[in-house]
Amino acid sequence: ARRALVGIAAAESRVALAGGATGPGTATVPQGYTETQLASGLSRPVALAMLPDGRLLIGEQWTGRIKIFMNGAVQATPYATLLPIHSVDWESGLLGLAVHPDFANNGYVYVFATQTTTAQRIWRYTTTGNVGTSPTLIADNIPTRGANHNGDQVAGSFTISSTSLKVQSLLNAVTQTFGNQATA
């Protein structure tokens, strides 16, 4: 059986779920894979998170919008819009999404975004239907090395990676919030 290379196309970029990210233009599909476009009309979709029920959250880097893909389409109403967001260069903006391991009971989704050229934030939303409600600031002023090379994200079981030299202070803050689930 052939494996499928599934992608979400944007006006400026393409994110391939099984093949990594590619820049503007047409991606080359590896031999043995097929490409299927799931959605279009997204603006720089750089963050993805799958909810346990199969809905896919898509974070738009520069708009701060988090959209839901379900039933074969991107829903018209965003899950949430994170504003203000610092998005003046290629490596800042909404950078990461993560679903809490106990999402079925608490509905938590975490968002990592650039706050300024020198700091970033982690927000927590509570999912109500298809909407993120009760935005709560979890970590503030997470240091970054400047306008580029942010390279930070929230992912998986609260793995938080940062190019910053001050990662330990962030991990201490996150550990206070989530217990010992935080790892470097």
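In this numbering scheme, every chain counts its residues from 1 along its sequence in written order. At least 70 in pLDDT is required for a residue's local features to be given in this predicted model, at least 80 for side-chain atom pairs to be given and counted, and no such filter applies to totals for whole chains, interfaces and linings, which use all residues. Each side-chain value is derived from all of the structure's non-hydrogen atoms; neither hydrogens nor water enter the calculation.

A. Local environment of the overall build of the protein chain. Within the protein chain one finds two helices and 15 strands. Each residue gets one of three labels from its accessible area relative to the maximum for its type: buried under 20%, exposed over 50%, partly exposed in between, using a 1.4 Å probe on protein chains only. Buried residues in the protein chain amount to 43% of all 184 residues. Of the contacts made within the protein chain by residues no fewer than 6 positions apart, 47% connect residues no fewer than 24 positions apart. Note on areas: these come from Shrake-Rupley sampling with a 1.4 Å probe, and a residue is covered only by the protein chains present in the view. Total accessible area on the protein chain stands at roughly 9200 Å², and carbon and sulfur atoms take up 52% of it. Secondary structure counts use DSSP, requiring at least four H or I residues in a row for a helix and at least two E residues in a row for a strand, with both numbered from the N terminus. Residues are treated as being in contact if the distance between any of their heavy atoms lies within 4.5 Å.

B. Region of the structure containing the side chain of Gln-61. Looking at the secondary structure, you find Gln-61 in the loop between β6 (56-60) and β7 (65-70). Accessibility expressed as a relative area gives 2% for Gln-61, which makes it buried. Looking at Gln-61, its side chain comes within polar contact range of the main-chain oxygen of Ser-92, at 2.8 Å. Residues contacting Gln-61, with those up to four places away along its chain left out, are Ser-43, Arg-44, Val-46, Ile-85, Ser-87, Asp-89, Trp-90, Glu-91, Ser-92, Gly-93, Leu-94 and Leu-95. Here a polar contact is taken to be a pair of N or O atoms separated by no more than 3.5 Å, where protein atoms must pair a possible hydrogen donor with a possible acceptor and residues adjacent in sequence count only if both atoms sit in side chains.

C. Representation of the environment of Thr-126 within the structure. Positionally, Thr-126 belongs in strand β12 (residues 119-128). A residue is classified by how much of its surface remains accessible, and Thr-126, at 23% relative accessible area, is partly exposed. Distance from Thr-126 to Thr-136, taken between C-alpha atoms, is 8.8 Å for residues 10 residues apart in sequence. Beyond its immediate stretch of four places on either side in the chain, Thr-126 contacts Tyr-79, Asn-106, Gly-107, Tyr-108, Val-131, Gly-132, Thr-133 and Ser-134.

D. Region of the structure containing the sheet that holds strand β10 (residues 94-99). Only strands joined by at least two bridges in the DSSP assignment are considered to pair. Read from one edge of the open sheet, four strands run β10-β11-β12-β13, paired in antiparallel fashion. This sheet does not close on itself; its edge strands, each paired only once, are β10 and β13 (131-143). Taken over all neighbouring pairs, the strand axes of this sheet differ in orientation by 20 degrees on average, direction set aside. Sheet topology places β10 next to strand β11 (residues 108-114); five bridges connect them, and they run antiparallel. Bridging across to β11, Ala-98 finds its partner in Tyr-110. Lines fitted to C-alpha atoms define the axes here, with helix axes fitted over just the stretch in contact, and angles between the N-to-C directions of these axes take values from 0 to 180 degrees.

E. Examining the pairing of β7 more closely. Most of β7 sits out of view: five of its six residues are buried. Note: β6 against β7, four bridges, orientation antiparallel. Paired with Gly-59 across the two strands is Ile-66, which belongs to β7. The hairpin formed by β6 and β7 contains four residues between the paired strands, and Gly-64 there has a positive phi angle of roughly 75 degrees. When β7 meets strand β9 (residues 80-81), the two strands line up antiparallel, connected through two bridges. In the strand pairing of β9, Arg-65 is matched with Thr-81. Hairpin connection of β7 to strand β8 (residues 73-74): two residues between the antiparallel strands, including Asn-71 at a positive phi of 50 degrees.

F. Spotlight on the packing of aromatic side chains. Stacked, tilted and edge-to-face pairs are distinguished by plane angle, under 30 degrees for stacked and over 60 for edge-to-face with tilted covering the rest, among Phe, Tyr and Trp rings (Trp via its six-membered ring) whose centres lie within 6.5 Å. Taken as a whole and assessed by the stated rule, the structure comprises two aromatic pairs. With a centroid separation of 6.3 Å and 65 degrees between ring planes, the pair formed by Tyr-79 and Tyr-125 is classed as edge-to-face. Taken together, the positions of Tyr-79 in the loop between β8 and β9 and Tyr-125 in strand β12 put the pair 46 residues apart, joining distant regions of the chain. Looking at Tyr-125, the relative accessible area reads 4%, which means it is buried. A centroid spacing of 6.3 Å and a plane angle of 80 degrees characterise the contact between Tyr-108 and Tyr-110, whose relative ring orientation is edge-to-face. Residue class for Tyr-108 comes out partly exposed when judged on its relative accessible area of 23%. Of the residues examined, Tyr-110 reaches a relative accessible area of 2% and is grouped as buried. In this scheme, Lys NZ or Arg CZ marks a charge over a ring once it lies within 6 Å of the ring centre and within 35 degrees of the ring normal. The ring of Trp-62 is capped by Arg-44, whose NZ or CZ atom sits 4.5 Å from the centre of that ring. Residue placement shows Arg-124 over the ring face of Tyr-108; its charged tip is 4.2 Å from the ring centre.

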